Amino acid sequence: MTRKFFGTDGIRGRVNQFPMTAEMAMKVGMAAGAHFVRGTHTHRVVIGKDTRLSGYVMESALVAGFTSVGMEVVQVGPMPTPAVAMLTRSMRADLGVMISASHNPFADNGIKLFGPDGYKLSDADEEAIEALIETAPSLVDAGRTGRARRVEDARGRYIHASKLTFPDHLSLDGMKIVVDCANGAAYQVAPAALWELGADVIPLGVTPNGKNINDNCGSTAPQLLQETVVASGAQIGIALDGDADRLIVVDEKGAVVDGDQLMALIGTAWARRGQLKGGGVVATVMSNLGLERYLAGQGLALHRTRVGDRHVLERMRGGAFNVGGEQSGHIILSDYATTGDGLVAALQILAELCASGKAASELLHLFDPVPQLLKNVRFSGGRPLDDPRVKAVIADAEAELDGRGRLVIRPSGTEPLIRVMAEGDDAGQVTALVDRICAAVAEAA
C-alpha cells in the first residue's frame, strides 16, 4: 500500500500547508489515539516538541485530537526525539509523539510517532492510522474525554538516563567541550548532561526564539562550531540537529567528523570489548565505501539498508545488531536507545576519547573516505527518474564505473529533491558522473 501522509520519518511539510496544518494534526491525534486505544486501562500519550514557533499550533491541535478520543496527554515541552521515545516507555504510555522537522528550517514541521515500546511505528500501524485519518474515527462520550497535563521534570529524567550510558570509571573533568545545540530541542539537556559529568562546556545554539532552529548552526552548519573549537582550544566539538537525534563531531583542529567515522570508532571499540553484537555495523547505501573496507579489515561486516534510520533500525532488530546509523549522524545504539540519540552517541565518543588519551584528530579519523559526491536536484512534480533519458545516462555511468564504485540515485523522502550520489577511487570521474546525471534529471524535471 502506498502511504499518502507518512514519509520516511513521519509526516512532514511546510507549516500551514497540507499536510502540516492544525486540522491535519488534530486528525492525526484522533486517528493515532483511536488506533492505540486498546483494552480498558487508562490510555496515555507523551507529546514532546522542538523549539519551532509552530510547535504551539501543532501541539494544541494534537492534544485536541487525542483527548477527543479518550486519551490522557502528557506534555513534556521541548525535548530531544530520543527523550520522547525513552519517556514513552518509562511512563508506560501507549504512544509517543515528537513534533519536529529535525534538521529542516523553522518554517517546516513534522509529526513522528512512537509505539509503547519506544520504537517508531511499523508500516502496518502507519497505514492503519492513515485509513482512520481519511474515515474519521468515532469520538468518545463527553464523560470519557481525556485530560492533558505537563510534566516538569522530564528534562531531568532524560539527563539522568543519558549519563547512565557513560562509563562509571570515567569522567569529563578537565575536558573543554563545545556543544552546538542548533537552537533546538537539546538546548538545555545536552549542556547540562556534559557539565554534570565534569566537562568545561562552551554552549552554542542555546538561545532559541522559535525561528532560529538550525539557522547557520547545528549538525548541518558546523562552521561556527569549527571556529569556536579552534579559537577556544577545546578538545572536541559536538553538533546536534534540531531534534537532537543526529550527531556530527569536530576535532580539536576544526575538522568535521561524520557519522561513518563515528560508527567506525564505536563499532571497533565495542568489538574489542566484546560488546558488539551481530559481528558488524548496519548503515545505509549512502555510507562511504571506505567504512566498508575499514570494517572488513577489522573482521567486521557492513550491512547496508535503504536510506532512513527506520530501515537501519529494522535491520538491526532483525539481525540482533546493536550499532547502526547513517553518514549524516543518526547513530543508533540499541543497548541504550530505541532510536537515534545524538547525546548518547556523543557520550560514547567522549568515553573513547577519555580512555585512549589520544587527541580527537588522532582518534576519530580511522579511514580515508573514498571520493564521494552528493548533489540534489529540485523538481516540482512528476517522476524524473522514470524518464528514459535519465535511465540511459544512469546506465552509462554504471558501465563506466565497472564495479570500481557505486551510484545511489533516489528521491528524498522528506523534500521534493532527487539525490544523486556517486563514489569511486577516481575523484574526477565521480564529479563528472554526478554532474552528468544531475543535468539529465534537471532536464527531465
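The structure displayed is predicted, hence computed values, not measured ones.

Reading the values: rules and limits
Residues numbered from 1 in each chain as written. Predicted model: local features only at pLDDT ≥ 70, side-chain atom pairs only at ≥ 80, totals over all residues. Heavy atoms only, no water. Pairing = 2+ DSSP bridges. Helix = DSSP H or I, 4+ residues; strand = E, 2+ residues; numbered from the N terminus. Axes fitted to C-alpha atoms, helices over the stretch in contact; angles between N-to-C directions. Contact = heavy atoms within 4.5 Å. 1 Å grid on protein atoms, 1.4 Å probe; cavity = no way out; pocket = protein on both sides within 12 Å on 5 of 7 lines; lining within 4 Å. Points joined across faces, edges and corners; volume = space filled by probe spheres on them. Core = buried A, V, L, I, M, F, W, Y, C linked by side-chain atoms within 4.5 Å. Buried < 20%, exposed > 50% of the residue type's maximum accessible area, 1.4 Å probe, protein only. Parallel < 35°, antiparallel > 145°, perpendicular 65-115°, else oblique. Nonpolar A, V, L, I, M, F, W, Y, C, P; charged D, E, K, R; others polar. Expected span 1.5 Å × (residues − 1). Arc of directions from axis to C-beta. Polar contact = N/O pair within 3.5 Å; in protein donor to acceptor, adjacent residues only side chain to side chain. Phe/Tyr/Trp six-rings, centres within 6.5 Å; stacked < 30°, edge-to-face > 60°.

Focus on the sheet that holds strand β13 (residues 301–305)
Adjacent strands of a sheet pair through backbone hydrogen bonds, lying either parallel or antiparallel. Across the sheet, 4 strands lie side by side as β13-β12-β14-β15; this open sheet has mixed pairing. A single partner strand is all that each edge strand has here, and the edge strands are β13 and β15 (331–333). Averaged over all pairs of adjacent strands, the angle between their axes in this sheet comes to 20 degrees, without regard to strand direction. Examined bridge by bridge, strand β12 (residues 280–284) and β13 share 5 bridges and lie parallel to one another. The residue bridging V281 from the neighbouring strand is L302, located in β13.

A few points about the side chain of Q261
With respect to the secondary-structure elements, Q261 resides in helix α8 (residues 259–272). Those residues within four positions of Q261 in sequence are excluded, and the remaining contacts are L364, H365, L366, F367 and P369.

Points about the layout of surface pockets
Reported here for the second largest pocket is a volume of approximately 850 Å³. Along the walls of the second largest pocket sit 32 residues, with H103, R246, E326, S328 and R410 positioned nearest its centre. The element best represented in the lining of the second largest pocket is strand β16 (residues 372–378), accounting for 4 residues.

So, the nonpolar core
L172, I177, L194, I236, I238, L350 and L364 are the most contacted members of the largest nonpolar core, which totals 66 residues. With residues up to four places along the chain from it excluded, the contact list for I177 reads L172, L194, A199, D200, V201, I202, I236, I238 and L350. Grouped together as the second largest cluster of nonpolar side chains are 30 residues, F36, V69, L113 and I129 included.

A short note on the packing of helix α13 (residues 388–401) against helix α14 (residues 427–444)
Remark: α13 packs on α14, axes separated minimally by 9 Å, with the N-to-C direction vectors making an angle of 170 degrees. For the element pair α13 / α14, the angle class is roughly antiparallel. Between α13 and α14, the contacting residues are R389, V390, V393, I394, A397, E400 and L401 on the first element and Q429, L433, R436, I437, A440, V441, E443 and A444 on the second. In terms of residue class, the contact of α13 with α14 is made up of 10 nonpolar, 1 polar and 4 charged.

Things to note about the environment of G324
In this fold, G324 is placed in strand β14 (residues 323–325). For the pair G324 and P116, spaced 208 residues apart in sequence, the C-alpha separation works out to 22 Å. Discounting residues that sit within four places of it in the chain, G324 has contacts with M263, V281, V282, V312, M316, H330, I331 and I332.

Topic: the sheet that holds strand β18 (residues 417–424)
Read from one edge of the open sheet, 3 strands run β16-β18-β17, paired in antiparallel fashion. Looking along the sheet, the strands with just one partner apiece sit at the ends: β16 and β17 (405–411). Here the average twist between neighbouring strands, direction ignored, is 10 degrees. Judged from the 7 bridges that link them, β17 and β18 form a sheet pairing that is antiparallel. Within the sheet, the bridge partner assigned to R410 lies in β18 and is R419.

What about α13?
Relative to the 20 Å expected for 14 residues at 1.5 Å per residue, α13 spans 20 Å between its end C-alpha atoms, a close match to the ideal helical length. What α13 keeps buried is the set V390, V393, I394, A397 and L401. Seen end-on, α13 carries its buried residues on one side only, within an arc spanning 100 degrees. When the buried face of α13 is taken as reference, the exposed residues oriented beyond 90 degrees from it are P388, D396 and A399. Looking at the buried residues of α13, the elements they touch are β17, β18 and α14. For α13, the N-terminal capping position is held by D387, with its side-chain oxygen 2.8 Å away from the main-chain nitrogen of R389.

A look at the environment of V434
Inspection of the secondary structure assignment puts V434 in helix α14. On the basis of relative accessibility, which here comes to 0%, the residue V434 falls in the buried class. In the structure, V434 is positioned 40 residues away from I394 in sequence and 9.5 Å away in space, judged by C-alpha atoms. Apart from residues lying up to four places away in sequence, V434 is in contact with L373, K375, V420, M421 and A422.

Digging into the packing of aromatic side chains
The geometry of an aromatic ring pair is captured by the separation of the ring centres together with the interplanar angle, meaning the angle of the planes. Scanning the entire structure with this criterion turns up 3 aromatic pairs. Ring geometry for F5 against F18: centres 5.9 Å apart, planes inclined by 65 degrees, an arrangement best described as edge-to-face. Taken together, the residues F5 in the segment before β1 (11–14) and F18 in the loop between β1 and α1 (22–36) connect sequence positions 13 residues apart. On the basis of relative accessibility, which here comes to 9%, the residue F5 falls in the buried class. F18 gets classed as exposed once you look at its relative accessible area, which sits at 58%.

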